[in-house]
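Observations on the three-dimensional arrangement
Chain by chain, the residues:
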Amino acid sequence: MLEITSVTKTFGGLAAVSEVSFSVKKGEVVGLIGPNGAGKTTLLNLICGIYKPDAGSIRFEGTEIAGLPPNRICRLGISRTYQIPQPFEAMTALNGVLVSVLNGKKRRRMSLSDAVFEASYYLEFVGLFSKRDTLARNLNLYELRMLELARALATTPKLLLLDETMAGLNPAEAERALEMIWNAQEQFDFTILWIEHVMKIIMKAAQRVVVLQYGKKIAEGPPEEIQGDPKIIEAYLGARYAQHP
Amino acid sequence: MVKLELRRDRIVARWGDWKSEWVIEPRYWRNPTIAITALFLLPLLVQSYPHILTMITTANLYAAIAIPLALQILGTARVNFGPQLYLGIGGYTAALLNLHWGWSPSLTFLAVIVVCGVIALLISPTTWIAKGLYFSLITLILPLTFLDVTFIWGDIFRGEVGLVGMSPLLNFTKVSWNYLAYYYLSLILMLLYLLVSDRIVRSRLGVNLAAINENEDVARMMGVNVDRYKVVCYVFPSILTGIVGWFIVHTFRTFAGVTYLPLEFMTKVLIIVIVGGRAFLYGAIPGAYLISIVEDSLRAVGPSNYFLFPLVLILLIVFLPRGEGLWGLYRKRRPRDYFPKLHVRRE
């Protein structure tokens, strides 16, 4: 579905992402992990069109999407959430989702009231319907994350990019959010590429994990294998902790 | 035919599928209806004072400039500091074509739409390139440049004295009728702009514009074609402003760049938007009336009005509720509605 081949992006002299290639198959949940500054979010920004890669290609369902503007990429079926929630602060929760409903795919003839109806469905799905008239700036972190999820779902994505959805949530909330994402995947049938720092969650959720360090891919495989890999333990905790066989 | 039906509390008019209701008891009238009725009756009270009629006509025209400006600020997410550029372009186009080639007002109207549209379209890529303050600076410079042009090519534009003697829109035998007619024409123009802008803000397009005003990049990520909307939101209000210029040419029958292009005029328009409230469309009308009343009453004071007027404006900005303005004083908050903020972004 998504094929990334030797993508490179440099900021000045710093190679944020260099020669990374992996692919995501339809229906999979792929985790993208790595220490801070490893280039995970940059890679996500490259996929959804905020940055243009310096070299390499990103193909989504056979279409080259590197260098397309974000709105075109969104129409093709890639949607994302933000690490730091970025709601439309002065707009109500419902209005925020409404924007996605109206623009996520071509809906030339959809009336505003139909769009509101559909938006409220997504809001209901993530459990925020009672907060529909609350301004986004008055929501708490969990609600903001759920609003982001609703906004992303409302664009009817085929590939959902989650950027640290669990960061800052307490264990109970994280559990609920994970449940929500699984439900959503079951119902709306999309593929997930998931950046996460909370290992407990990502190891549970992902079928395959890609590990980045200093912008390079250092490992890829199912979570059980990755957990024992000394290279990854070295990347996260330093060489002292890695038990070499 | 239109069928009228008297219910217990209201009159219902039907015409095919179309239906309109009028509640009889005045306390249930909707306030816009009252305000519009008041604006239509106002000149009949002050009929015998031509200078007051001129003042409120000017107020209508200020509002007709401020309303498209508010729409533009909303849709481009940038503050345009030079809406009067298109006032100048529209005015000079109409005046020159009318004077030299003898085009009638209806022809110059079309010419103004075309010329303003083309020039706005050429300048519109600045909304993609320049962000925040830079956009404001560029738009600030443009009208001043145009003002210089009117001085440099003084034989065409007559920068110092202005162009005079354009053909009028209406010409009654009694002068006082002319004043009255021009008030009503300006009022209709202003209300038309309000209606159009209001329809835009409440439509699907309005939701997208609000998203752009809030956060351009996120909106783009959600599939909003930001670049296209920005161009539309730059060009369309510019044309509307140009039409005001055309109106001024054919009613006051004199047009000088010195009156409309300098910074003072821009300050007035921007302050109308701010005093009216949050760049909100309706706020422009009370704002415009307040500003022109203040301006007119201070004129009697003498030369000291040159610093008294700005002083009053500063006091208005400081003491009106921050960001809400006159409209915010009147209007109860309804969280369902979107209130655009007027903010100059750094990037």
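Below is a summary of the structure that appears in this document. Keep in mind it's a predicted model, so treat the numbers as computed, not measured. (Residues numbered from 1 in each chain as written. Chains lettered and ligands numbered in written order. Predicted model: local features only at pLDDT ≥ 70, side-chain atom pairs only at ≥ 80, totals over all residues.)

Moving on, we get to the sheet that holds strand β9 (residues 208-213) of chain A. In a beta sheet, neighbouring strands are held together by backbone hydrogen bonds and run either parallel or antiparallel to one another. All names here are of chain A. In spatial order, the strands read β6-β7-β8-β3-β9-β10; together these 6 strands make up an open sheet with mixed pairing. The open sheet has two edge strands, β6 (78-80) and β10 (216-221), and neither has a second partner. When strand polarity is set aside, the average angle formed by the axes of neighbouring strands in this sheet is 20°. In this structure, β6 lies alongside strand β7 (residues 159-163), joined through 3 bridges in parallel fashion. (Pairing = 2+ DSSP bridges. Helix = DSSP H or I, 4+ residues; strand = E, 2+ residues; numbered from the N terminus. Axes fitted to C-alpha atoms, helices over the stretch in contact; angles between N-to-C directions.)

Turning next to the interface of chain B and chain A. Listed per partner, the contact involves 22 residues of chain B and 24 residues of chain A. Sorting the residues of the side of chain B that touches chain A by element identifies α9 (204-214) and α10 (216-221) of chain B as the ones contributing at least two each. Examining the composition of the side of chain B that touches chain A, we find that 6 residues originate from one element, α9(B), more than from any other. Classifying every residue of the side of chain B that touches chain A gives 12 nonpolar, 5 polar and 5 charged. (Contact = placed C-beta atoms within 7 Å. Nonpolar A, V, L, I, M, F, W, Y, C, P; charged D, E, K, R; others polar.)

Turning next to the environment of B:Gly276. Checked against the element boundaries, B:Gly276 lands in helix α13 (residues 263-276). Taking the C-alpha atoms as reference points, B:Gly276 and B:Ala288, separated by 12 residues in sequence, lie 7.7 Å from one another.

This part is about helix α8 (residues 175-202) of chain B. Turn by turn, an α-helix covers 3.6 residues, leaving residues three or four places apart pointing in a common direction. All names here are of chain B. Across its 28 residues, α8 extends 41 Å between first and last C-alpha, which sits within 8% of the 40 Å expected from 1.5 Å per residue. Every buried residue of α8 is accounted for by Tyr179, Tyr182, Tyr183, Ser186, Leu187, Met190, Tyr193, Ser197, Ile200 and Val201. Lining the buried residues of α8 we find α1 (31-45), α2 (50-76), α9 and α11 (226-252). (Expected span 1.5 Å × (residues − 1). Buried ≥ 20, exposed ≤ 12 C-beta atoms within 10 Å, placed from the backbone.)

Before going further, it helps to spend a moment on the sheet that holds strand β2 (residues 14-24) of chain A. All names here are of chain A. Reading across from one edge, β2-β1-β4-β5 is the order of the 4 strands in this open sheet, with antiparallel pairing throughout. Looking at the sheet topology across the chains shown, the edges are occupied by β2 and β5 (63-64). Of the pairings in the sheet, the one linking strand β1 (residues 2-11) to β2 comprises 7 bridges and is antiparallel in character. Across the sheet, Leu2 pairs through a bridge with Val24, a residue of β2. Across the sheet, helix α1 (residues 40-47) touches β1, β2 and β4 (55-60), and the angle it forms with β2 is around 65°.

For the rest of this paragraph, the subject is the packing of α2(B) against α13(B). Residues and elements named next belong to chain B. Relative to each other, α2 and α13 sit at 70°, their axes nearing to 9 Å. Comparing the axis directions of α2 and α13 gives the class roughly perpendicular. Contact with α2, carried on its side by Tyr62, Ile65, Ala66, Leu69 and Ala70, involves Lys268, Val269, Ile272, Val273 and Gly276 of α13 and no other residues of that element. Taken together, the residues that form the contact of α2 with α13 break down as 8 nonpolar, 1 polar and 1 charged. (Parallel < 35°, antiparallel > 145°, perpendicular 65-115°, else oblique.)

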